[in-house]
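Chain by chain, the residues run as shown.
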Amino acid sequence: VQLQASGGGLVQAGGSLRLSCKAQRAITSVFNPETVAWYRQTPGKQRDVVASITRLSTTNYADAVKGRFTISRDNARKMVYLQMNSLRPEDTATYYCNTYPEASWLWGQGTQVTVSS
């Protein structure tokens, strides 16, 4: 089972995107984890946590995105979202979703976000 991220694209600085994450197969025992997170990675760098959310919707954000990104989840639909506002060129990366801590077998292909200046 993989978690598939979608919604990326090319946007100008200051713009917005909304990413979505869904399990390829809706298996509750897999995609109802306590904590789900969005990660991002640029070539040659490690994959970092951007934001996380617990089953009861407690959220945490990386300092770089606080006040600009909002993570949310729909437990009934087994979906996780990342609303990204006021995007900056440094937000350019491939974005992934996974549990937190990550489960290696859940990584999907991610979705590319490119922010032009």
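Given the structure is predicted, the values throughout are model-derived calculations rather than measurements. (Residues numbered from 1 in each chain as written. Predicted model: local features only at pLDDT ≥ 70, side-chain atom pairs only at ≥ 80, totals over all residues. Heavy atoms only, no water.)

To continue, consider the nonpolar core. Counting 26 residues, the largest nonpolar core has Trp38, Val50, Phe69, Leu82, Met84 and Tyr95 as its most contacted members. Residue contributions to this core peak at four residues, all from strand S3 (residues 17-23). The contact partners of phenylalanine 69, leaving out residues within four places of it in the chain, are Arg40, Val50, Tyr61, Leu82, Gln83, Met84, Asn85, Leu87, Asp91 and Tyr95. (Core = buried A, V, L, I, M, F, W, Y, C linked by side-chain atoms within 4.5 Å. Buried < 20%, exposed > 50% of the residue type's maximum accessible area, 1.4 Å probe, protein only. Helix = DSSP H or I, 4+ residues; strand = E, 2+ residues; numbered from the N terminus. Contact = heavy atoms within 4.5 Å.)

Within a beta sheet, neighbouring strands are joined by backbone hydrogen bonds and run either parallel or antiparallel to one another. One open sheet holds the six strands; their spatial order is S2-S10-S9-S4-S5-S6, and the pairing between them is mixed. The sheet is open, and its two borders are formed by strand S2 (9-12) and strand S6 (59-61), each paired with just one other strand. Adjacent strand axes in the sheet meet at a mean angle of 20°, parallel and antiparallel pairs treated alike. Bridge analysis of strand S4 (residues 35-41) against strand S5 (residues 48-54) gives six bridges, and the strand direction is antiparallel. (Pairing = 2+ DSSP bridges. Axes fitted to C-alpha atoms, helices over the stretch in contact; angles between N-to-C directions.)

Further remarks concern the sheet that holds strand S7 (residues 69-74). Taken in spatial order, the four strands make up an open sheet running S1-S3-S8-S7, and their pairing is antiparallel. Of all the strands in the sheet, just strand S1 (3-6) and S7 have a single pairing partner and so form its edges. Each adjacent strand pair in this sheet contributes to an overall mean axis angle of 15°, direction not counted. Pairing of S3 with strand S8 (residues 79-84), which is carried by six bridges, proceeds in the antiparallel orientation. Across the sheet, serine 20 pairs through a bridge with tyrosine 81, a residue of S8.

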